[in-house]
Amino acid sequence: MGAYTVRRLIGAIPILFIGLTLTFFLVHLVPGDPTLRFLDPSMGSSLKEQISEKFGLNEPLHIQYISWMYRIVGHFDFGNSFNNGRPASDIILDALPPTILVMGFALICGLMFGMIGGIGAAIFHGTKFDLIITTIMLFFYSMPVFWLGIMLLGFFAVNLNWLPASQLTSVFHDQLNILDRFTDYFRHLMLPVITLGLVSAATFGRYLRTSMIEAMNSGYVLAARARGISEWKILVNYGLRNALIPLITIVGMTIPALFSGAVIIEVVFSLPGMGRIMVEAVLARDYPVVLAASTMAFVAVIIGNLLADIGYAIADPRVRLES
C-alpha cells in the first residue's frame, strides 16, 4: 500500500507543475497593469518603471516565471503581496482555516444526507418515494451554489432572522464563555455548510442510488437470497458494501468542487476565508496572492484525487495489485 501511495504522489508532480505553469501565464496575460493603482496622471514614467522594478515586473515574462518557480520549489516563497507587502503564503495560510472548516463540515453533511437519500431511494426503487427523493436530489444537483446560498440567506437570515447573515463570529464573540462560543460558531457556519452540503449530498445520493440498484440486481445477491440470508444482511453486506466502492471515488473527486464552492460561498456569506482573499486579489491584480491561492486549489485537486485512489485501493485490493 505504501508503494502504491508513493507512485501516485510521484505521478501527481507533473500535473502540479503543468497546472502552476498554465496559471502563471494566464494570470499575467490578463489585461491590466498592477502598477497603475499606485500612480496618477501627474506622475512621470520613471516612477512607473521604479514600481515595476520593485515588483519584479520589468523582466521578460519567461524570466519572471523561472524566478517564481525557483522561489516556490526552493523556498516555498510566493513573493509579497502588492497591496500590503505581506508574504502571499502567510495571507493564504491565515485564510485557509475557515475554508477548511466549511469544506469539512459540508462534506460530512453531504455524506450524511446523500447516503440517507441514496439508500432510501434504492431500497424503494420504482415507488413514489423513490421518485420524490430522486426529484429532490436532481433539484439540488442542478442548483447553482451561489443562488442557493443567496436564497437560504434571504429566507433564514433576512426574512426569519433565525441565523446570522455573514462573518464567522459575532462582534462580542471573545467575551462569551466556551459553550456560547461554540454555539456562535455553529450558528454562523450553519447556512454556508448547509448550502454546500445540499449540493454535494445530491451528487453522492444519485451515485449511491445507482450503485446500490446495480448491486442489488447482481448475481451474487440473487445467490445470497437463494441461500436464505436475511434481506437486511444482504442489503448491508452485499448491496451497500459494494455500492460504496464507486462512492469513495466520487467523494475524492468532490473535494476540489467543495473547495471552489467554498470560495463562492465565502463571498456570499462574507466569510474571512480563501474566497474573499482570491476575489480581492483578482480585482487588484495582486499576482503573488492570486498565484498562491491557485497553487492551493491545485493542491486540493491533487489531494482529492490521491485520497480517492487510496480509498479505492483499500476498498478493492485488485486496484493496487493491477497497478
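Our subject in this report is the structure included herewith. Just so it is clear, the structure is predicted and the values come from calculations on it, not from any experiment. (Residues numbered from 1 in each chain as written. Predicted model: local features only at pLDDT ≥ 70, side-chain atom pairs only at ≥ 80, totals over all residues. Heavy atoms only, no water.)

**Some remarks on the overall build of the protein chain**
Filter applied, for reference: Secondary structure elements are defined from DSSP: runs of H or I of at least 4 residues count as helices, runs of E of at least 2 residues count as strands, and each element is numbered from the N terminus. Type-normalised accessible area, obtained with a 1.4 Å probe on protein chains alone, sets the label of each residue: buried when under 20%, exposed when over 50%, and partly exposed for intermediate values. Every residue pair with non-hydrogen atoms within 4.5 Å of one another is taken to be in contact. Where accessible areas are quoted, they stem from the Shrake-Rupley method and a 1.4 Å probe; at the residue level, only the protein chains shown are allowed to cover. The positive count covers Lys and Arg only, the negative count covers Asp and Glu only, and His and the chain ends enter neither. Positions of charges follow a simple convention, taking NZ of Lys, CZ of Arg, CG of Asp or CD of Glu.
Across its full length, the protein chain holds twelve helices and zero strands. When its helices and strands are written in sequence order, the protein chain yields α-α-α-α-α-α-α-α-α-α-α-α. When the backbone C-alpha atoms are referred to their principal axes, the protein chain occupies close to 90 × 55 × 35 Å. Considering the protein chain as a whole, with its 323 residues, one finds that 42% of them fall into the buried category. Considering only intrachain contacts with a sequence separation of at least 6, the fraction spanning at least 24 residues in the protein chain is 71%. With an accessible surface of roughly 18000 Å², the protein chain has 69% of that area assigned to carbon and sulfur atoms. Between the mean site of the 20 positive side-chain charges and the mean site of the 20 negative ones, the protein chain shows a separation of 12 Å.

**Re the packing of aromatic side chains**
Going by this rule: Aromatic rings from Phe, Tyr and Trp, taking only the six-membered ring of Trp, are treated as a pair when their centres fall within 6.5 Å; an angle between ring planes under 30 degrees marks them as stacked, one over 60 as edge-to-face, and anything in between as tilted. Here, a charge over a ring means that NZ of Lys or CZ of Arg falls within 6 Å of the ring centre while also lying within 35 degrees of the ring normal.
Per the counting criterion, the structure on display carries ten aromatic pairs. Each ring, one from Phe155 and one from Phe156, has its centre 4.9 Å from the other, and the planes form 90°; the classification is edge-to-face. Judged by relative accessible area, Phe155 falls into the partly exposed class, the value being 43%. We classify Phe156 as partly exposed; its relative accessible area is 25%. Among the aromatic side chains, those forming a connected cluster through ring pairs are Phe24, Phe25, Tyr65 and Trp68. For Arg206, the ring lying beneath its charged end belongs to Tyr141, and the centroid distance is 4.3 Å.

**With respect to the side chain of Asp286**
Checked against the element boundaries, Asp286 lands in the loop between helix 10 (274–283) and helix 11 (287–315). Those residues in contact with Asp286 that lie beyond four places of it in its chain are Ser81, Phe82, Asn83 and Ala281.

**A word on unusual backbone geometry**
Here Ser270, not a glycine, exhibits a phi torsion of approximately 55°, which is positive. The class of Ser270 is partly exposed, set by a relative accessible area of 30%. Positive phi values are uncommon outside glycine, yet Arg285 reaches one of about 55°. With respect to the element layout, Arg285 can be found in the loop between helix 10 and helix 11.

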